[in-house]
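Close look at the chain arrangement
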Amino acid sequence: MTKATLIFNARLLDESMDTPGALLIIDSDIRAVFQGYFTSQETASVLAHSVLAEDGREQDCKLELYDARGLTVTPAFIDMHVHMRYPGQTQKEDLQSGLHAAAAGGYGTVVAMPNTKPVVSSMEQALQIESEAAAIGLTNLFQVVSISKDFEGKDTSHLDELDRHYIPVISEDGRDVISSSVMLEGMKKAAEKGLIVSCHCEDLALGEQAKPFRQNALNIMKAIGLNAWGSSEANYNPDDVEQAAIEQIDLNLTKANELLRLAEDTATARNILLAKQAGCHIHIAHASTKNVLEQIYNAKYDKANDDSLPDGFVITAEATPHHLALVGTEEPLIRALVNPPLRADEDRELLIECLRDGTIDVISTDHAPHTMEDKEAGSPGFTGLETAYAVCNTVLVKQNNFAPQKLSQLMSANPARILGLTKGLLKTGYSADLTLVDPDEDWIVDSRMFCSKGKATPFEGHELTGKVKGLFLNGRKVFER
Ligand SMILES: [Zn+2]
């Protein structure tokens, strides 16, 4: 017997639709989308039965009704950049906690980076992780494979066996491939196989130079108790700490961030040049500086106008919720340390405009959970899956007048297109991966409530608007709040 579910009394929202309506799911796909006020169970069910009759499936179909009163139904979010820390660092996160966090954040699909222990450098390892993730029965996971074998920056022979249907993305995330010739070789293989090369653009030598300054800042933060965990009580209050210490933190972070800015700008330029040469699809991870945004804009212009470029050259890019919400100088906290660092307000403002005009294609969390000990020792990054929607809804829709459809495009439709998935839209034939949200609910971030093991977040104690209330995956309800 097939299962059909009718979600009625909903607001339907995707990149091109914002309307009251109902959705009929059969098995794991969207079968029909009805626009209009279907507030009563009876009307809605008549409608569903007429479609089932049309399909000749009324007899062998069990219909369930789901009243979505007060909720917005939107395609499940897709995250092209998460760290599940599995295998090897399960004290930070594991597949169970990570996929629960993804589901609680409204994510139907996540793309997991390979900077694990060991590094994921083969089709076999990646398929093993994907099958373990699938057995959990929550968010769908694609595992990324490293560009160079074991992140050693030398050998790319492991790429020869990859199949893009299972492994759509390769990346050295967390670092960059130092050798331009190895990067070019990896990109050429990616071009042949139709793989996306996700680039963490950071010149390693400049990154190294930034470390002592960051360490100084970290030591002062520790000394004056700007702790890593960021429990609600420990929120930063500038009146409580010595002004001189804050100035020293600022000074050191500014020096570190200047070097890390140059590291991102130069590495992005190199990686775009190599991708043009290789004719591959380059995806710029966590773009954060004004210069990088200009480079992406120009490269997209070249793609559209320069006939001498190979057809295979494609450039897409992502922004993280934290780079579009926060400014570095306002967050002198251990928990806010991240790579690339939180930037200046002018970078942040341009980033928002680039999301608006399409220079940036998607929002990715760079969910990077750590233990408190690792965070206190300066590990960059923090948990992001469970705050992403609310942060983006607050900053983009509420504060910057983005249409809700645009946010849906950035979080669902565009990442689905880039990854080549029949997801991300409320459309007949598309996967019934659906997120239920209340875009007007205010809440205060309390990391103790996170499913993720990573409790450090720069949004601790922030009031945000927009809450994920439920998730359907392949037509099955897997999460409800
Ligand atoms: Zn990265």
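Summarised in this report is the structure supplied together with it. What you are looking at is a predicted structure, and each value in this text was computed from that prediction instead of being measured. (Residues numbered from 1 in each chain as written. Predicted model: local features only at pLDDT ≥ 70, side-chain atom pairs only at ≥ 80, totals over all residues. Heavy atoms only, no water.)

**What about the overall build of the protein?**
Along the protein, the regular secondary structure elements total twelve helices and 16 strands. Each principal axis of the C-alpha distribution contributes one length, and for the protein these read about 70 × 55 × 40 Å. Counting all 481 residues of the protein, 59% fall into the buried class. Looking at the protein alone, contacts between residues at least 24 apart form 76% of all its contacts between residues at least 6 apart. For the protein, the computed accessible surface area is about 18500 Å², with 48% contributed by carbon and sulfur atoms. Taking the 44 positively charged and 70 negatively charged side chains of the protein as two groups, their mean positions are separated by 2 Å. (Helix = DSSP H or I, 4+ residues; strand = E, 2+ residues; numbered from the N terminus. Buried < 20%, exposed > 50% of the residue type's maximum accessible area, 1.4 Å probe, protein only. Contact = heavy atoms within 4.5 Å. Areas by Shrake-Rupley, 256 points an atom, 1.4 Å probe, with all protein chains shown as cover. Lys, Arg positive; Asp, Glu negative; His and termini not counted. Charge placed at Lys NZ, Arg CZ, Asp CG, Glu CD.)

**Regarding the sheet that holds strand 7 (residues 107–112)**
One open sheet holds the three strands; their spatial order is 6-7-8, and the pairing between them is parallel. Each of the sheet's edge strands pairs with one partner strand only, and the pair in question is strand 6 (77–82) and strand 8 (140–143). Within this sheet the neighbouring strands show an average axis-to-axis angle of 15°, counted without direction. Pairing geometry for strand 7 and strand 8, over four bridges, is parallel. Looking at strand 8, one finds that Val110 is bridged to Leu141. (Pairing = 2+ DSSP bridges. Axes fitted to C-alpha atoms, helices over the stretch in contact; angles between N-to-C directions.)

**Digging into the coordination of the zinc ion**
Taken together, the protein ligands of the zinc ion are Asp173 (OD), His200 (ND1) and His286 (NE2), with distances of 2.1 to 2.2 Å. The motif formed by the donor residues of the zinc ion, counted along the single chain, is D-x26-H-x85-H. Of the two residues, Asp173 is situated in the loop between strand 9 (169–171) and helix 4 (180–193) and His286 in the loop between strand 11 (281–284) and helix 7 (290–305); the sequence distance between them amounts to 113 residues. His286 sits in the buried class, given a relative accessible area of 2%. (Donors = N, O, S within 2.8 Å, 3.2 Å for Na, K, Ca; no water.)

**Considerations on helix 12 (residues 404–419)**
With 16 residues, helix 12 should cover 22 Å at 1.5 Å per step; its first-to-last C-alpha distance of 22 Å lies within 8% of that length. Maximal helix bending in helix 12 amounts to about 45°, located at Leu410. In terms of burial, helix 12 is largely enclosed, as twelve of its 16 residues are buried. What helix 12 keeps buried is the set Leu407, Ser408, Gln409, Leu410, Met411, Ser412, Ala413, Asn414, Pro415, Ala416, Ile418 and Leu419. Following helix 12 by one or two positions, Gly420 has its phi on the positive side, about 70°. (Expected span 1.5 Å × (residues − 1). Bend = angle between axes of the 7 residues up to and from the residue.)

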